[in-house]
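Examination of the molecular architecture
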Amino acid sequence: LGYIRRYTAVLDPERMGCGLLVFCRVKLLHINREIADGFVARIGKMPEVLECYNTSGEYDYMLKIRTADMKQYQEFILNKLGTVESLGSVESIFVLSEVKEACGLNI
């Protein structure tokens, strides 16, 4: 009936070599349908980006990103996200500890 989207395994990020968790807020230079679609298409091809949300407020998108460490995150910003032509600004929020993590809806 369409209630179940997918089945998935939840892996330990530390053991998988992805210990750094970052929420990255992105503001585009300007936005219209073509720019938004292009941004979403580019983000969809970046394996470091686990989740992407279009948000209201000062920033246009919120990204959930996992990398091995700060050096790999810096390389991601410079060599991947930073190459998006419509990118205006980025704010990185580094997660110190995960207090609660859910993978779906509680019913």
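Residues numbered from 1 in each chain as written. Predicted model: local features only at pLDDT ≥ 70, side-chain atom pairs only at ≥ 80, totals over all residues. Heavy atoms only, no water.

As for the overall build of the protein
Scanning the protein from N- to C-terminus turns up 2 helices and 4 strands. For the protein, the succession of helices and strands along the chain, N to C, is β-α-β-β-α-β. Out of the 107 residues in the protein, the part that is buried amounts to 25%. Summarising the internal contacts of the protein: among those between residues at least 6 apart in sequence, 71% fall at separations of at least 24. In the form shown here, the protein has an accessible surface area of approximately 8,200 Å², with 54% of it arising from carbon and sulfur atoms. Treating the 13 positive side-chain charges of the protein as one cloud and the 14 negative ones as another, the clouds have centres 4 Å apart. (Helix = DSSP H or I, 4+ residues; strand = E, 2+ residues; numbered from the N terminus. Buried < 20%, exposed > 50% of the residue type's maximum accessible area, 1.4 Å probe, protein only. Contact = heavy atoms within 4.5 Å. Areas by Shrake-Rupley, 256 points an atom, 1.4 Å probe, with all protein chains shown as cover. Lys, Arg positive; Asp, Glu negative; His and termini not counted. Charge placed at Lys NZ, Arg CZ, Asp CG, Glu CD.)

Quick word on the state of the cysteines
With the rule as written, the count across this model stands at 0 disulfides. No disulfide involves Cys24; its sulfur sits 9.9 Å from the nearest other cysteine sulfur, which is in Cys52. (Disulfide = S-S within 2.5 Å.)

Notes on helix 1 (residues 33–44)
Taking 1.5 Å as the rise per residue, helix 1 with 12 residues should run 16 Å; its terminal C-alpha atoms sit 16 Å apart, in good agreement. Those residues of helix 1 that are buried are in contact with strand 1 (20–28), strand 2 (49–54) and strand 3 (61–67). N-capping of helix 1 is provided by Asn32, with a side-chain oxygen placed 3.0 Å from the backbone N of Glu34. (Expected span 1.5 Å × (residues − 1). Polar contact = N/O pair within 3.5 Å; in protein donor to acceptor, adjacent residues only side chain to side chain.)

Topic: the sheet that holds strand 3
Taken together, 4 strands build an open sheet; the order of strands is 2-3-1-4 and the sheet is antiparallel. Each end of this open sheet is capped by a strand with a single partner; those strands are strand 2 and strand 4 (87–94). Within this sheet the neighbouring strands show an average axis-to-axis angle of 20 degrees, counted without direction. (Pairing = 2+ DSSP bridges. Axes fitted to C-alpha atoms, helices over the stretch in contact; angles between N-to-C directions.)

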